[in-house]
Structure formats: structure tokens, C-alpha cells
Amino acid sequence: NPEEKIVLFSAQLLDSDARKGTAHVIEALQRYALREGRPNTSLLLVGSGGEHICDKVPLPVRYLGFIDKDEELARAYSAADIMLAPSLAENLPNSALEAMACGIPVVAYATGGVGDAVRHMETGFLAESGDAGGLDEGISLLLTNEDLRNKLASQALDLIRSEFAAEIQANRFASLYQELIETTSHARTSD
């Protein structure tokens, strides 16, 4: 259905890692389901242990299970309109970067290093950590405003290409290692 909006939630362990925010996804989608005039929306789940979520979300749920093939995972991300990343303790989630690399804006909690990639109203939507109402607000805003969603998706993809591409990261690590070697060598010769 081309009018259907798809919300993706992905984690390696959907049901047993409370840090990933599964309970917050459920609460936010329960709130969202009560909104007047919302588009036809479904939840796409990727990861192990998502069976228990299906009955708690008042939306149609497609549960794909754990996906370990990059091409299949990219297809799952690309099928979504937005991705949820409500981690309560996180450095920088690969799942958010992967979604952004597929041109999918992310609705996340402003936790740890998440804001380094998910920049509020630039590449996604950030809610305060633990605020399921804020997640609901982000979900509703991005699913009802196609122009905004497309703008954030484009900017997310640009950010991934300019700051998070593998080659860029490798060059940064090589520069850091070289700097550390030079600093260590200089420190030894100064002693």
C-alpha cells in the first residue's frame, strides 16, 4: 500500500536488552495509535525476540526476525519511512547510522553520542531520553509531513557520506594512530 507509513525498530535483542528502549517504542506507538488523522501506519521489527512486541502495539506489525545479511538488512531499512532508536544508554548506534545510510530519518532519544549523527530537525528528530511522548511527537511529525521527512532523509544521507563513510573513518583512525606514535616517540626522546 503506497499510502501506508512504515516505522522501523531494529535491535539485536528486541526483548531482553532494556537499554534499547523497547518499552518506550511500545508506549510511543500506543500513544501514536490514538492520534486523530494519522496515516495508515505499521511497525517493522528487525532483531531477535520481537514476538512479544506484536501483541502490545496497536498497529499492524511485520516481524522479520534477526537479519545477518547486509543486503537484506538494507532492504528492510529502505522499506521504512522512519526508524526509531530510543536507546537509554548508547554511544552511537550502528542501526541509526545504517538507516541514515539508506536515506531513512531517525527518531531517537538524545542519549550518549546519538546526537552526533541524529541531529534534531536536521537529520532526524531527538526527544529527551526516556520521553515516550517526545518519541510519539517525532513519529507523528515525520509521518505526516512528507516534505520534512524527505528533507531530513536527504540530509541524513549527506551526513553519512561526509562524516561516517568507511574510508573517512579509516583515514581518521590512521591519522590518530600516526599522531599517537609521534607523541609517544617525542615523549621518549624528551625523557
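Our subject is the structure that appears above.
Scoring rules and cut-offs
Along each chain, numbering runs from 1 in the same order as the chain's sequence is written. Local features in this predicted model are restricted to residues of pLDDT 70 or higher, and side-chain atom pairs are both shown and tallied only at a pLDDT of 80 or more, whereas totals for entire chains, interfaces and linings draw on every residue. The side-chain quantities take in all heavy atoms of the structure and omit both hydrogens and water. The secondary structure listing takes helices from DSSP runs of H or I that are at least 4 residues long and strands from runs of E that are at least 2 residues long, numbered from the N terminus. For every residue, the accessible area obtained with a 1.4 Å probe (protein chains only) is divided by the maximum for its type, and the residue is called buried under 20%, exposed over 50%, and partly exposed between those limits. When checking whether two residues touch, look at their non-hydrogen atoms; a contact exists if any pair is within 4.5 Å. For every accessible area listed, the method is Shrake-Rupley and the probe measures 1.4 Å; residues are considered covered only by the protein chains on display. The sign given to each residue is positive for Lys and Arg and negative for Asp and Glu; His and the chain ends receive no count. Charge positions come from single atoms, namely NZ of Lys, CZ of Arg, CG of Asp or CD of Glu. Pairs of N or O atoms are called polar contacts if they sit within 3.5 Å, as long as, within protein, a hydrogen donor faces a hydrogen acceptor (for residues adjacent in sequence, only side-chain-to-side-chain pairs). Nonpolar cores were defined as sets of buried Ala, Val, Leu, Ile, Met, Phe, Trp, Tyr and Cys residues, with membership established by side-chain atoms within 4.5 Å. Think of it this way: DSSP has to see at least two bridges between two strands before they count as a pair. Note on method: axes are straight lines fitted to C-alpha atoms, helices fitted across the in-contact stretch only, with angles between N-to-C directions ranging 0 to 180 degrees. To estimate the expected span of a helix, count its residues, drop one, and scale the result by 1.5 Å. Handedness of a crossover: with both strands directed away from the viewer, a clockwise path from the first strand across the helix to the second marks it as right-handed.

*Asks:* Go over the overall build of the chain with me, naming the residues and quoting the values.
*Replies:* Per the secondary structure count, the chain includes seven helices and six strands. Of the regular secondary structure in the chain, the N- to C-terminal order runs β-α-β-α-β-α-β-α-β-β-α-α-α. Seen along its three principal axes, the alpha-carbon backbone of the chain occupies a region of about 70 × 35 × 30 Å. Looking at the 191 residues of the chain, the share that counts as buried comes to 46%. Excluding contacts between residues fewer than 6 apart, the proportion of contacts in the chain whose partners are at least 24 apart in sequence is 57%. Accessible area of the chain: about 10,000 Å², with a carbon and sulfur share of 48%. Distance between charge centroids for the chain: 2 Å, based on 16 positive and 29 negative side chains.

*Asks:* Break down the side chain of Glu90 for me, with residues and values.
*Replies:* You can see Glu90 is positioned in the loop between strand S4 (82-85) and helix H4 (94-101). Using a relative accessible area of 19% as the deciding quantity, one classes Glu90 as buried. Within the structure, the side chain of Glu90 is placed 2.8 Å from the side chain of Lys20, a separation counted as a polar contact. Only 2.8 Å separates the side chain of Glu90 from the side chain of Ser87, close enough to count as a polar contact. Setting aside residues up to four positions removed in sequence, Glu90 forms contacts with Lys20, Thr111, Gly112, Gly113 and Val114.

*Asks:* How would you explain the nonpolar core if you had to name every residue and give the values?
*Replies:* Within the largest apolar cluster, 28 residues are counted, with the highest numbers of intra-cluster contacts made by Leu43, Ile82, Leu84 and Ile139. Those elements that provide at least two residues to this core are strand S1 (5-13), helix H1 (22-33), strand S2 (41-48), S4, strand S5 (106-109), strand S6 (124-127), helix H5 (132-144) and helix H6 (146-164). Examining the composition of this core, we find that six residues originate from one element, H1, more than from any other. When residues no more than four places from it in sequence are discounted, the contact partners of Ile82 are Ile6, Val7, Leu8, Ile104, Pro105, Val107, Ile139, Leu142, Leu143 and Arg149. If you look at the next biggest cluster of nonpolar residues, it comprises 26 residues, including Ala85, Leu97, Ile104 and Leu159.

*Asks:* Let's hear about the sheet that holds S1: which residues, and what values?
*Replies:* With parallel pairing, the six strands of this open sheet are ordered in space as S3-S2-S1-S4-S5-S6. Single-partner strands in this sheet number two, and they are strand S3 (61-63) and S6. On average, each strand axis in the sheet is tilted by 20° relative to the strand beside it, whichever way the strands run. Strand direction decides the pairing type here: S4 and S5, joined by three bridges, are parallel. Across the sheet, the residue bridging to Ala85 is Ala108, located in S5.

*Asks:* Explain H5 to me, and be specific about the residues and the numbers.
*Replies:* Given a rise of 1.5 Å per residue, 13 residues ought to cover 18 Å, and the 18 Å separating the end C-alpha atoms of H5 matches this to within 8%. Counting buried positions over the 13 residues of H5 gives 10, a clear majority of the element. Every buried residue of H5 is accounted for by Ala132, Gly133, Gly134, Leu135, Asp136, Gly138, Ile139, Ser140, Leu142 and Leu143. Backbone nitrogen of Gly133 and a side-chain oxygen of the N-cap are separated by 3.1 Å at the start of H5; the cap is Asp131.

*Asks:* Tell me about the pairing of S1, and name the residues and values.
*Replies:* Of all nine residues making up S1, seven are buried, and the element is well covered by its neighbours. Relative to S2, S1 runs parallel, the two being bridged by seven bridges. Counterpart to Phe9 in the pairing with S2 is Leu45. Two elements, S1 and S4, share three bridges in a ladder whose sense is parallel.

*Asks:* Outline the pairing of S2, supporting the account with residue identities and numerical values.
*Replies:* Among the eight residues in S2, seven count as buried, and that is most of the element. Handedness of the crossover joining S1 and S2 through H1 is recorded here as right-handed. As paired strands, S2 and S3 are joined by three bridges and run parallel to one another. Bridging across to S3, Leu45 finds its partner in Tyr63.

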